[in-house]
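Spelled out, the chains give:
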Amino acid sequence: MRDEIRGRKLLNDAVREQVMTARRRGGIVTLLDEGTIDDLDGAELETVLNQLAAAIGESTADTIIARTAGKARRRP
């Protein structure tokens, strides 16, 4: 449930599967979507998410954090 709320658009079936696989092997996975991928269209978003899934699947790290960059603040 936490992934669905905090991960928002960082999730598709491939990412969910790799996150669960990493967790089953004892890894800690955190997904944080700051909203900066909201403008990606369906095909672009799927490409990004499939790359994320592949990266998680290839990782042997104990802790994985996937986070979209927050929008930079503009100074006046």
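Right above here is the structure, for reference.
For clarity, every value in this text was computed on a predicted model and none was experimentally measured.

K.L.:
I keep staring at the nonpolar core and nothing clicks. Help me out?
P.N.:
Grouped burial of nonpolar side chains is what soluble globular proteins tend to show. Grouped together as the largest cluster of nonpolar side chains are 15 residues, with contacts concentrated most on L10, V15, V19, V29, L31, L52 and I56. Of all the secondary structure elements, the ones that give two or more residues to this core are α2 (13–24), β1 (28–32), α3 (42–58) and β2 (63–67). Looking at this core, the element that brings in the most residues is α3, giving five residues. Excluding its chain neighbours within four sequence positions, the residues that come into contact with V15 are L10, L31, L49, L52, A53 and I56.

K.L.:
How do you make sense of the pairing of β1 when you look at a structure like this?
P.N.:
Successive side chains on a regular strand alternate, one facing one side of the sheet and the next facing the other. Sheet topology note: the β1/β2 ladder contains five bridges and is parallel. Within β2, the residue paired with L32 across the bridge is R67. On the question of chirality, the crossover connecting β1 to the parallel β2 by way of α3 is left-handed.

K.L.:
For this particular structure, what's the right way to read the environment of G26?
P.N.:
Mapped onto the elements, G26 comes out in the loop between α2 and β1. C-alpha of G26 to C-alpha of D62: the two residues are 36 residues apart in sequence and 7.2 Å apart in space.

K.L.:
Can you walk me through the side chain of N12 in this structure?
P.N.:
Structurally, N12 can be placed in the loop between α1 (2–6) and α2. Within the structure, the side chain of N12 is placed 3.1 Å from the backbone nitrogen of A14, a separation counted as a polar contact. At 3.1 Å, the side chain of N12 and the side chain of E46 are in polar contact. Setting aside residues no more than four positions away along its own chain, N12 makes contact with E46, L49 and N50.

K.L.:
When you look at the packing of α2 against α3 in this model, what are you seeing that I'm missing?
P.N.:
For any two helices packed against each other, the geometry comes down to the angle between their axes and how far apart the axes lie. One way to put it is that α2 packs onto α3 with a least axis distance of 8 Å and a crossing angle of 15 degrees. It follows that α2 is roughly parallel to α3 by the angle criterion. Handedness of the crossing formed by α2 with α3: left-handed. Residues A14, V15, Q18, V19 and A22 of α2 form the contact with α3, whose participating residues are L49, N50, L52, A53, I56 and G57.

K.L.:
Teacher, can you tell me more about α2 here?
P.N.:
Along an α-helix, residues three or four positions apart point the same way, because every turn accommodates 3.6 residues. The terminal C-alpha atoms of α2 lie 16 Å apart, and with twelve residues this matches the ideal 16 Å at 1.5 Å per residue to within 8%. What α2 keeps buried is the set V15, V19 and A22. The buried residues of α2 all sit within an arc of 65 degrees when viewed along its axis, so they share a single face. In α2, those exposed residues whose orientation departs by more than 90 degrees from the buried face are D13, E17 and R24. With a side-chain oxygen lying 3.1 Å from the backbone nitrogen of A14, the N-terminal cap of α2 falls on N12. Immediately downstream of α2, the backbone of G26 shows phi near 105 degrees, a positive value.

Rules of the game
Within every chain, residues take consecutive numbers counted from 1 along the sequence as written. With pLDDT at 70 or above as the cut-off, local features in this predicted model cover only qualifying residues; side-chain atom pairs require 80 or more to be listed or tallied, and sums for whole chains, interfaces and linings still use all residues. Side-chain descriptors were evaluated using all non-hydrogen atoms of the structure, hydrogens and water having been removed beforehand. To form a nonpolar core, buried Ala, Val, Leu, Ile, Met, Phe, Trp, Tyr and Cys residues must be joined to one another through side-chain atoms within 4.5 Å. Burial status follows relative accessibility: with a 1.4 Å probe on protein chains alone, a residue under 20% of its type maximum counts as buried, one over 50% as exposed, and anything between as partly exposed. In this text, helices come from DSSP runs of H or I with a minimum length of four residues, and strands from runs of E with a minimum of two, each type numbered from the N-terminal end. Here a residue-residue contact requires only that any non-hydrogen atoms of the pair lie within 4.5 Å. The pairing criterion for strands is at least two bridges between them, as found by DSSP. Classification remark: right-handed applies to a crossover when, strands pointing away from the viewer, the course from the first strand over the helix to the second runs clockwise. N or O atoms within 3.5 Å of each other form a polar contact, as long as, within protein, one can give a hydrogen and the other can take it, and as long as residues adjacent in sequence are counted only when both atoms are side-chain atoms. Each axis is a line fitted through C-alpha atoms, taken for helices only over the stretch in contact, and angles between the N-to-C directions span 0 to 180 degrees. To sort the angles, those under 35 degrees are grouped as roughly parallel, those over 145 as roughly antiparallel, those from 65 to 115 as roughly perpendicular, and the leftovers as oblique. Left-handed is the label given to a crossing in which the near helix is rotated counterclockwise from the far helix by less than a right angle, and right-handed is the label when the rotation is clockwise. Helix span, as expected, comes to 1.5 Å for every residue beyond the first. Think of the arc as the fan of directions from the helix axis to the C-beta atoms.

Any link to function would need more than the numbers given here.
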